[in-house]
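Take a look at the letters that make up each chain.
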Amino acid sequence: MSIRYFYLSLLIVLLTGCMKNKIENKLDGEVLLKQKCSKCHNLDMPPKSYDNEIAPSMMAVTFHLKDFIKANDPSEHEAKIVEFVKDYVINPSRSKSFCDKTSLDSYGIMPSQKGKVTVDELEAIAKYMYNTYDNQKMLKIMQEKQRLARMPLYKRVLEQQRCQNCHDIYKDKVAPSFLSISKKYNNNKPLIESIKNGSKGKWKNFKLIMPPFKKMTDKDIEGMVNWILNLKIRDKNEI
Ligand code: HEC
Ligand code: HEC
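What this report covers is the structure whose coordinates are included nearby.

Reading the values: the criteria
- Residues numbered from 1 in each chain as written.
- Chains lettered and ligands numbered in written order.
- Predicted model: local features only at pLDDT ≥ 70, side-chain atom pairs only at ≥ 80, totals over all residues.
- Heavy atoms only, no water.
- Buried < 20%, exposed > 50% of the residue type's maximum accessible area, 1.4 Å probe, protein only.
- Helix = DSSP H or I, 4+ residues; strand = E, 2+ residues; numbered from the N terminus.
- Arc of directions from axis to C-beta.
- Polar contact = N/O pair within 3.5 Å; in protein donor to acceptor, adjacent residues only side chain to side chain.
- Donors = N, O, S within 2.8 Å, 3.2 Å for Na, K, Ca; no water.
- Tetrahedral: all angles 85-135°; square planar, octahedral: opposite > 155°, others 65-115°.
- 1 Å grid on protein atoms, 1.4 Å probe; cavity = no way out; pocket = protein on both sides within 12 Å on 5 of 7 lines; lining within 4 Å.
- Points joined across faces, edges and corners; volume = space filled by probe spheres on them.
- Salt bridge = Lys/Arg side-chain N within 4 Å of Asp/Glu carboxyl O.

## As for helix α2 (residues 29–37)
Looking only at α2, the buried set comprises G29, L32, L33 and C37. Across the axial projection of α2, the buried residues extend over an arc of 105°, all falling on one side. The exposed residues of α2 that point more than 90 degrees off its buried face are K34 and Q35. Measuring from the backbone nitrogen of E30 back to the side-chain oxygen at the start of α2 gives 3.0 Å, which picks out D28 as the cap.

Here is the structure:
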């Protein structure tokens with residue numbers, strides 16, 4: 001393939017990609033929820049913190065609506081909730097809100113979003129809310145959190161950050177084994193630095209670059225480095 005054709009097809013792929021996104025985004029409930037509602041409602045399930053809330057979390061709102069709005073026929077439950085959201089967001093009122101009195105007094109009634117969101121957009125938002133904030137999904141998330149919390153730190157980090165795509169514990173692969181690293185260092189500082197900011201050129205036989213892990217917490221990085229440094233001691237005892 002000539003280089004010109006290569007660029008031409010790249011351009012076409014990029015352009016059709018953009019067009020597709022535009023059409024889908026228009027009524028993408030997830031994107032719209034973020035754009036139109038996240039200024040006041042926390043969208044996480046479950047929220048990481050309940051401090052300084054100016055509105056109930058979207059999870060709380062949706063669970064609340066699911067509890068209070070009844071449908072004789074379960075297949076109509078979603079439609080009924082969607083109707084409520086479409087109406088409430090444009091015409092909120094104290095009498096319609098399912099929020100308890102104390103919470104209403106502290107939050108104040110939701111300001112009407114008339115003019116800021118269309119009925120079609122609200123339909124997409126409400127359907128997304130109904131399907132996302134779901135008891136079964138919440139249960140799975142909590143179980144997964146518990147599973148991770150019960151794991152030893154190094155196992156969790158290996159799994160979450162996929163260190164083993166490049167590193168083996170005992171054998172050199174595309175990156176030095178954690179055991180070789182352990183044998184080369186006694187001090188944790190340079191290793192903490194390397195995980196935070198990446199590393200290259202320190203290991204002569206490895207051409208690859210170690211990417212920075214900016215999103216890892218300091219606690220995870222330090223725990224991981226301690227585990228790596230201890231490998232040489234455990235190695236002597238166990239192997
Ligand atoms: C300017 C802040 C603000 C924005 C923006 C906002 N809300 Fe609210 N919303 C609130 C507050 C405060 C409450 C709680 C008081 C109440 O029920 O009116 C609330 C309550 C609600 C309720 C009723 C909950 C109940 O228990 O009755 C729904 C439904 C809701 N919001 C949906 C939305 C959706 C969907 C959007 C985005 C299109 C949105 N809100 C945007 C502040 C906001
Ligand atoms: C994309 C491949 C890749 C991944 C993923 C990766 N590493 Fe590395 N790592 C490398 C390479 C390559 C080196 C050697 C870099 C060099 O030569 O400086 C390295 C080096 C290191 C070093 C030694 C740095 C130094 O200063 O000598 C540590 C510690 C380390 N990695 C830990 C980790 C941990 C922990 C993870 C997961 C959070 C991880 N790596 C994920 C490729 C990777």
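## Overview of the coordination of the iron atom of ligand 2
On the protein side, the iron atom of ligand 2 has H167 (NE2) and M210 (SD) as donor atoms, found 2.0 to 2.2 Å from it. Here the iron atom of ligand 2 binds 6 donor atoms, and the angle range of 84 to 179° at the metal identifies the geometry as octahedral. In this pair, H167 sits in the loop between α8 (153–161) and α9 (178–184) while M210 sits in the loop between α10 (189–197) and α11 (218–238), placing the two residues 43 residues apart along the sequence. Its relative accessible area of 22% is what places M210 among the partly exposed residues.

## Structural notes on the layout of surface pockets
Here the largest pocket is characterised by a volume of approximately 820 Å³. For the largest pocket, the lining is made up of 35 residues, of which H41, A55, V61, Y88 and M110 are closest to its centre. Only α2, α3 (58–68), α4 (77–90), α5 (101–107) and α6 (119–132) provide two or more residues apiece to the lining of the largest pocket. Considering every element that reaches the lining of the largest pocket, the biggest residue donor is α3, with 5 residues.

## Considering the pattern of salt bridges
Within this structure, the stated rule accounts for 12 salt bridges. A salt bridge links K48 to D44, with the nearest nitrogen and oxygen atoms 3.2 Å apart. Judged by its relative accessible area of 30%, D44 falls in the partly exposed class. Residue K86 pairs with E83 through a salt bridge whose shortest N-O separation is 3.5 Å. Here K86 pairs with E83, and both are found in helix α4, just 3 residues apart, close to one helical turn. Accessibility expressed as a relative area gives 46% for E83, which makes it partly exposed. Overlapping salt bridges bring together E83, K86, E123 and K127 as one network.

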